[in-house]
Amino acid sequence: MSSINIGAHFPGGIERPMEPPRLMRQPFVLLIAILLFTFIPIGTALVRAQNPPALAPADAPYKNAKLPVENRVADLLSRMTLEEKVTMLSGSGWMESAPNARLGIPAIKMADGPMGVRSWAGSSAVTNAANNPVKVLTTSFPAGIAMAASWDTDLVQREGKAIGQEVKALGRDMILGPTVNINRVPLWGRNFEGYGEDPYLSSQLGVAYIRGVQSENVIPSVKHFAVNNEEFERHRIDVKIDERTLHEIYLPAFRAAVQQGDVWNVMSAYNKVNGVHCAESEYLLNDVLKKEFGFKGFVISDWGSTYSTAPTVNAGMDLEMPGGPPMQAWLARPATQAAGNSDGWLVPEKVLADVRAGKISETSIDDNVGRILRVIFLSGLFEFPHTALDVVDTPAQQALARTAAMEGIVLLKNTGALLPLDPAKVKSIAVIGPNAAVARTGGGGSSLVRPKYAVTPLEGIQKRAGSGIRVTSAIGVGMDGEDPAKDTAEERLKALREAADAASKADAAVVVVGRYFKNEGEGFDVKTMDLPAGQDELIAAVEKANPQTIVVLNTGNPVTMTKWIESTPALVDMWYGGQEGGSALASILFGDTSPSGKLPVSMPKRLEDSPAAKNYPGQDLVVHYAEGIYVGYRYYDTKNVEPQFPFGFGLSYTTFEYSTLKVKPGKVAGGQPVEVSLQVRNTGKRAGAEVVELYVHDGHSKIDRPTRELKGFGRVELKPGETKTVQMKLDRAAFSYWSPESKTWVAEPGTFEIQVGASSRDIRLRAPVELVR
Ligand code: BGC
């Protein structure tokens, strides 16, 4: 039985084995729980609707699935009283929208994500607690940052689909993910949830996730709109950002979600942007999202992020969450309010009062409600409510979680080809570290999924090693803050000595270091880029005891490595790998699969090198995004600051050769697409996959532009000696910058350079392309 890092955590820091999947073995308990959570909201809404008119006839147009969605929405709206409409603007429970029994409008039943389906019983405090009243055990997929490291859109789409299937299997309708906020500073507590620092990569992966979820008729929620890049005072912080940076860095993933993914829902963020809370930002919601991007779905608020009635409704924020009695109970807690949460502004009585006072028009309400209804029809929820109780965490879903964990692992250093481990030479392995014998599946907060099982690195290695290799283990140092009883100088010294001893007696040592859900997660930022206390010293001690040491990072954010990296022979980043993280790690260490992950985020040498470090977390609740568009490699590469490991970097057990770059046509006019192709050959002796990155360099711009920007990528699997052609397409947007003057994308005529490489700092092929008017 594995021990995992959630739900098994008890005060006093004792890790207990995960409970068996009791719930799944007693379906009636689950059924009762689901019925309870389904019908409480319905009951609440029935009480709210006053003197409802008669039922709608069976042949009412809105009930006819053959009619166009817009006609159905118009018909249904015309049958609703104003009271019924405004009732739909706020939730009826913690995770449910308000249903309407008279007209047969179902509640939208939500669940948190994005790394799998999380219990909908309440806030993180409730759901992540050991005594969580409704245990929901589902597949825990790798964190978003690990998924991003795969650069595999097909994989992310399959993940989205699998999560969609689990949502339905549990009788829910909506998953609160994907998270597409950009990694601006390596301390954001939620960086692990998102897809890294690049807007193009985040866009493509977000769209893939959305497509997967929506293919199951489940509603995704792309979040958090917008510019939500730190947890520090997340409800009060005011992000001061210029329009170009907003459009080029922080909005593209949302734009792609709307324009390429046709996403059904967007969640507004907690923070303020340029002085206005996101949930009441006319500019962000109405002007940008709805008008500029053409969003046709509905917007929900983040939980407790509304601060007004009329301004929120008028700004185009369609559904306030949470609602009903759970919201009132939560809001009444002093801690909730102290954190800055605010809610209950869109309850019927407040909205109706503002309608009567002429502050909100009925047309505006119709737009809000119409958008919710539109998605209920589009997703098929109206005809086919998700009530079926089906199996979750199927063998196929487990296998996908494992493939995903494997593809996301990044090999950062491999001196003297220490990896893969050679069973002919390595007869004993010491597996060491605070993250070795505990499965740290994800960071903390609303994304933390409770799996039925989770494989620790130690278990994965033991299983793969079999009986021919002796595997020993030692903690080396306790995870900071996890077990205060053992946090004495004496105990520390003892643990460190035991680890060094184990390492010295083994042929190779694997040190698994990193963080866990209590020092990396939602609601707080990571305090420092350094590894938690004692882990740098542990690495040094183990390396001294055994030169064949492999360091494994098990964390979401980059960490400072300067104290040990020079002498570390091998370094692997497994991020938070979900429930199969340990087995995936073992497969990579033993070379069953060649690593193919690449960094979706630059790893700076030290925090001070990060372009945003000087402007984080802000002063007097204001944070200036003064680095502008120079986020991540856009900064390191343009300003020649050397990172520890660059964006897009990752090693393999084999080697690849890039050749024959073709860019067609060489001269491009109007909206003509540019076809880029090249050949990639596996020149080594093992099968492997290579991620090819395409950057555009604009050397002739009138305005300041980064030296290169990612605009395409492709992943190919190659047998030894095999060659494949990688094709990528660029549209005009790939050459454009946002002009605040003309409020549009501008592609300046002239010659651009297409750069194709294995990382942002390993450009292998270059070719010009000329843009003409
Ligand atoms: C988080 C969201 C989450 C919501 C519901 C909020 O605190 O920011 O990402 O979906 O809670 O749990």
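Residues numbered from 1 in each chain as written. Predicted model: local features only at pLDDT ≥ 70, side-chain atom pairs only at ≥ 80, totals over all residues. Heavy atoms only, no water.

### A word on the packing of helix H7 (residues 153–169) against helix H8 (residues 199–214)
- Orientation of H7 relative to H8, taken along the N-to-C sense of each, is 35°, at an axis distance of 6 Å. Of the two elements, H7 crosses H8, and the hand of that crossing is right-handed. From H7, Thr 153, Val 156, Gln 157, Glu 159, Gly 160, Lys 161 and Ile 163 reach across to H8, where they touch Gln 204, Leu 205, Ala 208, Tyr 209, Arg 211, Gly 212 and Val 213.
- The class makeup of the residues in the contact of H7 with H8 is 6 nonpolar, 5 polar and 3 charged. (Axes fitted to C-alpha atoms, helices over the stretch in contact; angles between N-to-C directions. Helix = DSSP H or I, 4+ residues; strand = E, 2+ residues; numbered from the N terminus. Left-handed = near helix turned anticlockwise from the far one by under 90°. Contact = heavy atoms within 4.5 Å. Nonpolar A, V, L, I, M, F, W, Y, C, P; charged D, E, K, R; others polar.)

### Details of the site of the ligand
- Taken together, 13 residues lie near the ligand, and Asp 112, His 224, Tyr 270, Asp 302 and Glu 522 sit nearest.
- His 224 has a polar side-chain atom sitting 2.7 Å from an oxygen atom of the ligand.
- For the ligand, the accessible surface in isolation is 310 Å², of which the surrounding protein chains cover 95%. (Near = heavy atom within 4 Å. Polar contact = N/O pair within 3.5 Å; in protein donor to acceptor, adjacent residues only side chain to side chain. Areas by Shrake-Rupley, 256 points an atom, 1.4 Å probe, with all protein chains shown as cover.)

### Brief notes about helix H18 (residues 457–465)
- Looking only at H18, the buried set comprises Pro 457, Leu 458, Gly 460, Ile 461 and Ala 465. Burial along H18 is one-sided: seen end-on, the buried residues are contained in an arc of 165°.
- Where H18 is buried, its residues touch strand E13 (428–432), strand E14 (470–474), strand E15 (508–514) and helix H21 (581–589).
- Positive phi appears at Gly 466, one or two residues downstream of H18, with a value of about 65°. (Buried < 20%, exposed > 50% of the residue type's maximum accessible area, 1.4 Å probe, protein only. Arc of directions from axis to C-beta.)

### Here we look at the sheet that holds strand E3 (residues 110–112)
- Within the open sheet, the 3 strands sit side by side as E3-E4-E5. Their pairing is parallel. Every interior strand has two partners, whereas the edge strands, E3 and strand E5 (219–220), have only one.
- Relative to E5, strand E4 (residues 174–176) runs parallel, the two sharing 2 bridges. Each residue of the ladder has a partner; that of Ile 175, found in E5, is Pro 220. (Pairing = 2+ DSSP bridges.)

### Details of H8
- Under the 1.5 Å per step criterion, the end-to-end length of H8 is 22 Å for 16 residues, consistent within 8% with the ideal 22 Å.
- Here H8 lies mainly inside the structure; 14 of its 16 residues are buried.
- Two or three places before Tyr 200, at the start of H8, stands the capping residue Asp 198, its side-chain oxygen 2.8 Å from that residue's backbone nitrogen. (Expected span 1.5 Å × (residues − 1).)

### Remarks on the nonpolar core
- By size, the foremost hydrophobic cluster in this structure holds 126 residues, and its most contacted members are Phe 225, Trp 303 and Leu 373.
- With 7 residues, the top contributor of residues to this core is helix H16 (residues 362–378).
- Non-local contacts of Phe 225, meaning those with residues more than four positions away in its chain, are made with Leu 251, Phe 254, Val 266, Met 267, Ser 268, Ala 269, Cys 278, Leu 284, Leu 285, Val 288, Leu 289 and Phe 293. (Core = buried A, V, L, I, M, F, W, Y, C linked by side-chain atoms within 4.5 Å.)

### Considerations on the pairing of E15
- Along E15, 7 of the 7 residues are buried, which leaves the element largely enclosed by surrounding structure.
- Here E15 shows a buried face lined by Ala 508, Val 510, Val 512 and Gly 514 and a second buried face lined by Ala 509, Val 511 and Val 513.
- Of the strand pairs in this sheet, E13 and E15 are connected by 4 bridges, and their pairing is parallel. Among the inter-strand pairings, Ile 429 is bridged to a residue of E15, identified as Ala 508.
- Sheet topology places E15 next to strand E16 (residues 549–554); 6 bridges connect them, and they run parallel. Counterpart to Val 512 in the pairing with E16 is Val 552.
- Taking the sense of rotation as the criterion, the β-α-β connection linking E15, helix H20 (residues 535–545) and E16 turns out right-handed. (Right-handed = clockwise from strand over helix to strand, strands pointing away.)

### Topic: the confidence of the model for the protein
- For the protein, per-residue confidence averages 93 on the pLDDT scale, and 93% of positions sit at 70 or higher.
- Residue range residues 1–50 is modelled with pLDDT below 50. Its contacts to residues more than four positions away, or to other chains, number 96 contacts. (pLDDT = per-residue confidence, 0-100.)

### Notes on the sheet that holds strand E8 (residues 265–268)
- Taken in spatial order, the 3 strands make up an open sheet running E6-E8-E11, and their pairing is parallel. With partners counted over all chains shown, the strands left at the sheet margins are strand E6 (222–225) and strand E11 (298–300), one partner each. Ignoring which end each strand starts from, the neighbouring axes of this sheet average 30° apart.
- As judged from the 2 bridges shared by E6 and E8, these two strands associate in the parallel manner. The residue of E8 that forms the bridge with Val 222 is Val 266.
- Running over the sheet, helix H11 (residues 282–292) touches E6, E8 and E11 and is turned about 140° from E6.

### Some details on the pairing of E16
- Among the 6 residues of E16, 6 are classified as buried, and the element is accordingly described as predominantly covered.
- Burial along E16 is two-sided: the face carrying Thr 549, Val 551 and Leu 553 and the face carrying Ile 550, Val 552 and Asn 554 are both buried.
- As judged from the 4 bridges shared by E16 and strand E17 (residues 570–573), these two strands associate in the parallel manner. For Leu 553, the partnering residue across the bridge sits in E17 and is Asp 573.

### Side note on the packing of helix H17 (residues 395–408) against H21
- Packing of H17 against H21 leaves a shortest axis separation of 8 Å and a crossing angle of 50°. Regarding the angle of H17 to H21, the classification is oblique. For the pair H17 and H21, the sense of crossing is right-handed. Counting all contacts with H17, which are made through Arg 402, Ala 405 and Met 406, the residues of H21 involved are Gly 581, Ser 583, Ala 584, Ser 587 and Ile 588. (Parallel < 35°, antiparallel > 145°, perpendicular 65-115°, else oblique.)

### With respect to the packing of aromatic side chains
- In this structure the tally under the stated criterion is 16 aromatic pairs.
- Here the aromatic rings of Tyr 633 and Tyr 695 are separated by 5.7 Å at their centres, their planes lie at 75°, and the arrangement is edge-to-face. Placement of the pair is Tyr 633 in helix H22 (residues 633–638) and Tyr 695 in strand E22 (residues 688–698), with a sequence separation of 62 residues.
- Arranged with centres 5.7 Å apart and planes meeting at 15°, the rings of Phe 645 and Phe 649 form a pair that is stacked.
- Through pairs of rings, three or more aromatic residues link up here, namely Trp 151, Tyr 200, Tyr 633, Phe 647, Tyr 695 and Phe 713.
- If you follow Lys 350 out to its NZ or CZ, it ends over the ring of Trp 345, 4.7 Å from the centre.
- Stacked on the ring of Tyr 630, the Lys or Arg Lys 639 has its end atom at 4.5 Å from the ring centre. (Phe/Tyr/Trp six-rings, centres within 6.5 Å; stacked < 30°, edge-to-face > 60°. Lys NZ or Arg CZ within 6 Å of the ring centre and 35° of its normal.)

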